[in-house]
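So you can see what is in the structure, the chains are spelled out below.
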Amino acid sequence: MKFNIARSLLAFGLAVGVSAGAALWTNFYSMEHLKVNGTLYHHIVDAKDLTADILPPPLYLVESYLMANEIVVSPERAKQNLVRLAALKNEYEARREYWNTRELTPEIKDQLYKQVIAAGDLFWSEMNTQFIPAASAGQTAQAAESVRKLNPLFHRHEEACSAGDRLSFELGKPGLAG
């Protein structure tokens, strides 16, 4: 079989056509899986939703409040719960710092820092200065008194979180997410 100009052009045309077809198929396949509402997107959303459904978020202090109450009700769990409280405090601080580095609208940042985190900081102040020292020393009466002080602080924080949750939907609006 001799290669002449006609056959060479035909071979070249077939190579270009196959390459272009492969490139188009790869592009289509990638876009279908990587786009918003694509396969990968749904896996990521499902994973985040499942985590949110199973675990309380670190900025929401419900688990910390539960641990404090459980120490008062079941002092034999104090050691494990105090370890967990330390971990929860670290998670709270890490998320607090994370949101400080994010670009948020002034309204959302104001709600987050002046309401949610301010209330959370008051809660942790009582926890660190009164509750944890009393619970660590086995002073159940003092720990119980501190839990009574934590109650309104937790509920103030809970209300701020509920209001902040409504504002968080603003992050999903076009033009606001980075």
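Residues numbered from 1 in each chain as written. Predicted model: local features only at pLDDT ≥ 70, side-chain atom pairs only at ≥ 80, totals over all residues. Heavy atoms only, no water.

Quick word on a nonpolar patch on the surface
Put simply, the rule is: Each patch is built from residues that are more than 30% exposed by relative accessible area and take part in no salt bridge. Like charges join if they lie within 9 Å; nonpolar side chains (Val, Leu, Ile, Met, Phe, Trp, Tyr) join within 5 Å. Accessible areas in this description were obtained via Shrake-Rupley with a 1.4 Å probe; residue shielding takes into account the shown protein chains only. By convention in these notes, a salt bridge is any Lys or Arg side-chain nitrogen within 4 Å of a carboxyl oxygen on Asp or Glu. What counts as a helix is a DSSP run of H or I of at least four residues, what counts as a strand is a run of E of at least two, and both are numbered from the N terminus. Only protein chains enter the area calculation, which uses a 1.4 Å probe; residues under 20% of their type maximum are buried, those over 50% are exposed, and those in between are partly exposed.
A contiguous nonpolar patch, built from L34, L40 and I44 and spanning about 290 Å² of accessible area, is present on the exposed surface. Secondary-structure assignment places L34 in helix α1 (residues 5–34). Residue classification places L34 among the exposed residues on the basis of a relative accessible area of 59%.

Focus on the nonpolar core
Where we set the bar: Put simply, buried Ala, Val, Leu, Ile, Met, Phe, Trp, Tyr and Cys residues joined by side-chain atoms within 4.5 Å make one nonpolar core. Working rule for contacts: check all heavy atoms of both residues, and any pair within 4.5 Å makes them a contact.
With 29 residues, the main nonpolar core has I71, L85, F123, W124, M127, F131 and L150 as its most contacted residues. At the level of secondary structure, the elements contributing two or more residues to this core comprise α3 (62–73), α4 (78–100), α5 (106–136) and α6 (140–168). It is α5 that contributes the most residues to this core, 10 residues altogether. Discounting residues that sit within four places of it in the chain, F123 has contacts with L61, S64, Y65, L150, L153 and F154.

Digging into the packing of α4 against α5
Rules: In this analysis, axes come from line fits to C-alpha atoms, helices being fitted only over the stretch in contact, and the angle between any two N-to-C directions falls in the range 0 to 180 degrees. Working rule for angles: under 35 degrees goes down as roughly parallel, over 145 as roughly antiparallel, 65 to 115 as roughly perpendicular, anything else as oblique. Left-handed describes a crossing whose near helix is turned anticlockwise from the far helix through less than a right angle; right-handed describes the clockwise counterpart. Side-chain classes are defined by residue name, with Ala, Val, Leu, Ile, Met, Phe, Trp, Tyr, Cys and Pro counting as nonpolar, Asp, Glu, Lys and Arg as charged, and the others, Gly among them, as polar.
It is the contact of α4 with α5, at a shortest axis distance of 11 Å, that shows an interaxial angle of 160 degrees. Relative to α5, the element α4 lies roughly antiparallel. Two packed elements cross with a definite hand, and for α4 against α5 that hand is left-handed. Its residues placed into classes, the contact of α4 with α5 shows 13 nonpolar, 4 polar and 4 charged.

Observations concerning the pattern of salt bridges
A side chain with one charge may pair with a side chain of the opposite charge, provided their charged atoms come close. Counting across every chain of the model gives 7 salt bridges. Across the salt bridge formed by E93 and K89, the nearest N and O atoms sit 2.6 Å from each other. Of this pair, E93 and K89 both sit in helix α4, 4 residues apart, which is roughly one turn of the helix. Judged by its relative accessible area of 27%, E93 falls in the partly exposed class. Assessed through its relative accessible area of 18%, K89 is described here as buried. E145 is the salt-bridge partner of R148, the closest N and O atoms lying 3.1 Å from each other. Pair noted here: R148 and E145 are both in helix α6, with a separation of 3 residues, about one helical turn. Sharing partners across several salt bridges, the network here consists of E63, R84 and E91.

Describing the packing of α3 against α4
Packing of α3 against α4 leaves a shortest axis separation of 9 Å and a crossing angle of 160 degrees. In terms of orientation, α3 lies roughly antiparallel with respect to α4. Both α3 and α4 take part in a crossing whose hand is left-handed. Residue-level inspection shows E63, S64, M67, E70 and I71 of α3 in contact with α4, the latter providing A78, N81, L82, R84, L85 and L88. Of the residues in the contact of α3 with α4, the class split is 6 nonpolar, 2 polar and 3 charged.

Comments concerning the packing of aromatic side chains
The cut-off we apply is this: For Phe, Tyr and Trp, rings pair up if their centres lie within 6.5 Å, where Trp contributes its six-membered ring, and each pair is then called stacked (planes under 30 degrees apart), edge-to-face (over 60) or tilted (otherwise).
Applying the stated criterion across every chain, the model contains 7 aromatic pairs. Consider the rings of Y92 and W124, whose centres lie 6.2 Å apart with planes at 45 degrees: the pair is tilted. Of this pair, Y92 sits in helix α4 while W124 sits in helix α5; the two residues are 32 residues apart in sequence, bridging distant segments of the chain. The pair Y92 / W124 is uniform in exposure class, with both members buried. Between Y98 and W99, the aromatic rings sit 5.0 Å apart at their centres with planes inclined by 85 degrees, giving edge-to-face as the arrangement.

Re the environment of H33
Structurally, H33 can be placed in helix α1. Discounting residues that sit within four places of it in the chain, H33 has contacts with G38, T39, L40 and Y41.

Honestly, that's just the spatial picture; any functional story needs more than this.
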